[in-house]
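Structural features, examined
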Amino acid sequence: MDTALIFLNGHYNLHRLDFYRQEIENAVKDGSPLLCADGGIRIFDELNRHFSVNFIPDVLIGDLDSGANCLTDARKVIKKWIGKTDKDLTDGQLAVKYAIENYRSNRIIIYGGLPRNDEYETDHFLGNLKLLRFGYALTRVDNKDYSAEIRDPLQTIHFVLSEVRIERKNSGLQRVSLIADDSDVTVEYSQNLRWDLTTFHVHPDLSNALRNEFIEGAEWVRIKLSEDSAPVYVIHNWYDSQNED
């Protein structure tokens, strides 16, 4: 898969900067493009100052109002969109669209998608969650190869079209929740979950698939959807006793 990393203007866990550093270093090593949606460039600024490195995003997209006073530059700034499409598409949508159209990316990994704790940005988070689906809409021609995630130091949100294998992150509690937009989400089978989801219908109006768990000792979980199932969000978060947030 051609992977693109997109950094949004949302919450970043500054107690866990090593996580973002490692993600960017891996992406650079793999040749994956780094895109910033407006103020998302500030995490690069933070990493460069904290670690004395020189991470530079490949593309910066947006009206630049949230990236003010940032010392880090991007290799390319999409200025032609400023003031033209900001009413039609969000900066995050523009970044996803750019990655798919210009880098032919069919795997999108998003950072900074969660709301900042003190700014009540629930609307932004819900919009960012929809970015996973937005990318699929741009690539969809029965495209089961498309993959999208929102990643954070202690959580990953997967947009699953067919199946997903989730690896254990540490020795602590590993929670797995499924959330549907559509009425026709059905699990064909699951493996290594405390409550088996085989033939389970994930209802869009009921929270009937939240807070499942890895079985004790399991190193991974697999969830496979039925052939005709609609996509589903699979949220994996893990307990860490040293979590400072």
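Residues numbered from 1 in each chain as written. Predicted model: local features only at pLDDT ≥ 70, side-chain atom pairs only at ≥ 80, totals over all residues. Heavy atoms only, no water.

Strands sit in the order β8-β13-β10-β11 across an open sheet of 4 strands; the sheet is antiparallel. In the strand order of this sheet, the two ends are held by β8 (163-167) and β11 (201-202), each with one partner. Across 4 bridges, the pairing between strand β10 (residues 185-191) and strand β13 (residues 220-225) is antiparallel. Within β13, the residue paired with Y189 across the bridge is K224. (Pairing = 2+ DSSP bridges. Helix = DSSP H or I, 4+ residues; strand = E, 2+ residues; numbered from the N terminus.)

With that settled, the discussion passes to the packing of aromatic side chains. Within the structure shown, the criterion is met by 10 aromatic pairs. When the centroid spacing of 5.3 Å and the interplanar angle of 65 degrees are considered together, the rings of Y12 and Y20 count as edge-to-face. Y20 sits in the buried class, given a relative accessible area of 0%. With centroids separated by 6.3 Å and ring planes inclined at 55 degrees, the aromatic side chains of F19 and Y111 adopt a geometry described as tilted. (Phe/Tyr/Trp six-rings, centres within 6.5 Å; stacked < 30°, edge-to-face > 60°. Buried < 20%, exposed > 50% of the residue type's maximum accessible area, 1.4 Å probe, protein only.)

A general trend in soluble globular proteins is that nonpolar side chains are found buried together. Judged by nonpolar contacts, the single largest core of 30 residues is most densely connected at I6, I108 and L132. Among residues more than four places away in sequence, those in contact with L132 are I110, Y146, A148, E149, I150, I157, F159 and Y233. (Core = buried A, V, L, I, M, F, W, Y, C linked by side-chain atoms within 4.5 Å. Contact = heavy atoms within 4.5 Å.)

Let us now look at the pattern of salt bridges. If you walk through the whole model with that rule in mind, you get 16 salt bridges. Put simply, E119 and R116 hold a salt bridge, and the shortest N to O gap is 3.7 Å. A residue is classified by how much of its surface remains accessible, and E119, at 42% relative accessible area, is partly exposed. On the basis of relative accessible area, R116 is assigned to the buried category, the value being 18%. R133 is the salt-bridge partner of D181, the closest N and O atoms lying 3.4 Å from each other. One end of the pair, D181, is in the loop between β9 (174-179) and β10; the other, R133, is in helix α4 (residues 122-139), and 48 residues separate them in sequence. One salt-bridge network, held together by shared partners, links E23, R107, E149 and R151. (Salt bridge = Lys/Arg side-chain N within 4 Å of Asp/Glu carboxyl O.)

By the element assignment, L35 lies in strand β2 (residues 34-37). Along the sequence, L35 and I6 sit 29 residues apart, while their C-alpha atoms lie 4.8 Å from each other. Setting aside its immediate chain neighbours within four residues, L35 contacts A4, L5, I6, F7, V59, I61, A95, Y98, A99 and Y103.

Look at helix α1 (residues 17-30): 20 Å from first C-alpha to last across 14 residues, which is about the 20 Å you get at 1.5 Å a residue. Taken together, the buried positions of α1 are L17, Y20, E23, I24 and A27. All buried residues of α1 project into a common sector of 130 degrees when viewed along the axis, lining one side. Exposed residues lying more than 90 degrees from the buried face of α1 are D18, K29 and D30. Looking at the buried residues of α1, the elements they touch are β1 (3-7), β2, α2 (42-51), β5 (107-111) and β6 (147-152). Positioned one or two residues after α1, G31 has a phi angle of 80 degrees, which is positive. (Expected span 1.5 Å × (residues − 1). Arc of directions from axis to C-beta.)

Such coordinate-based values are descriptive only and should not be taken to indicate function.
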